[in-house]
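Letter by letter, the chains look like this.
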Amino acid sequence: DTMLLDIAIPGMSGYEVCKDVRGRLNIGLAEMPILMMAASRTNSSIIEACDIGANGLISKPLSKQLLNAQVRAALRLKADFVACR
C-alpha cells in the first residue's frame, strides 16, 4: 500500500493527515509510504513534506510517468520493509 495525499484537502491539510499517520498512528516511512501532491513544488513545501514524514512530493499537474516511478519506488521500500520483518 502507498498513500497518495494532496496537500490541499478541504477541512484539513494533507500535512496534518501525514503528521497523524506518522505520529498518532505510529506508522513508519517504510510501513506506509506517503507521496504528497502540491499545486506548486516550492522549497518550503518540499521541506515541510520531508519534515513531517512524507516519502516524496509530486507537483500537479501530475506526470503519469513520474507518478508511476514514485509509486514503484515507494512499493520497493515497503517490500524491503516487509521482507526484513
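Residues numbered from 1 in each chain as written. Predicted model: local features only at pLDDT ≥ 70, side-chain atom pairs only at ≥ 80, totals over all residues. Heavy atoms only, no water.

### Some thoughts on the overall build of the protein
Link 1 in the chain: When helices and strands are counted, the protein shows 3 helices and 3 strands.
Link 2 in the chain: Going from N to C terminus, the protein has its helices and strands arranged as β-α-β-α-β-α.
Link 3 in the chain: In terms of C-alpha radius of gyration, the protein reaches 13 Å, essentially the compact-globule figure of 12 Å for 85 residues.
Link 4 in the chain: In terms of its C-alpha atoms, the protein occupies a principal-axis envelope of roughly 35 × 30 × 20 Å.
Link 5 in the chain: Buried residues in the protein amount to 33% of all 85 residues.
Link 6 in the chain: Accessible surface, the protein as shown: approximately 5,300 Å² in total, 57% of it carbon and sulfur. (Helix = DSSP H or I, 4+ residues; strand = E, 2+ residues; numbered from the N terminus. Rg over C-alpha atoms; globule rule 2.2 N^0.38 Å. Buried < 20%, exposed > 50% of the residue type's maximum accessible area, 1.4 Å probe, protein only. Areas by Shrake-Rupley, 256 points an atom, 1.4 Å probe, with all protein chains shown as cover.)

### Here we look at the sheet that holds strand β3 (residues 56-59)
Link 1 in the chain: Read from one edge of the open sheet, 3 strands run β1-β2-β3, paired in parallel fashion. Only two strands of the sheet have a single neighbouring strand rather than two, namely β1 (3-6) and β3. When strand polarity is set aside, the average angle formed by the axes of neighbouring strands in this sheet is 30 degrees.
Link 2 in the chain: Here β1 runs beside strand β2 (residues 34-38); their pairing, made up of 4 bridges, is parallel. The partner of L4 across the bridge, within β2, is L35.
Link 3 in the chain: Helix α1 (residues 14-24) rests against β1 and β2 of the sheet, and its axis sits at about 170 degrees to β2.
Link 4 in the chain: Each of β1, β2 and β3 is contacted by helix α3 (residues 64-83), which is oriented at about 170 degrees to β3, the strand it contacts most. (Pairing = 2+ DSSP bridges. Axes fitted to C-alpha atoms, helices over the stretch in contact; angles between N-to-C directions. Contact = heavy atoms within 4.5 Å.)

### Observations concerning the nonpolar core
Link 1 in the chain: The biggest cluster of nonpolar side chains holds 14 residues, and the ones touching the most others in it are C18, I34 and M36.
Link 2 in the chain: Not counting the four nearest positions on each side in its chain, I34 is found in contact with M3, L5, C18, V21, R22, A54, N55 and G56. (Core = buried A, V, L, I, M, F, W, Y, C linked by side-chain atoms within 4.5 Å.)

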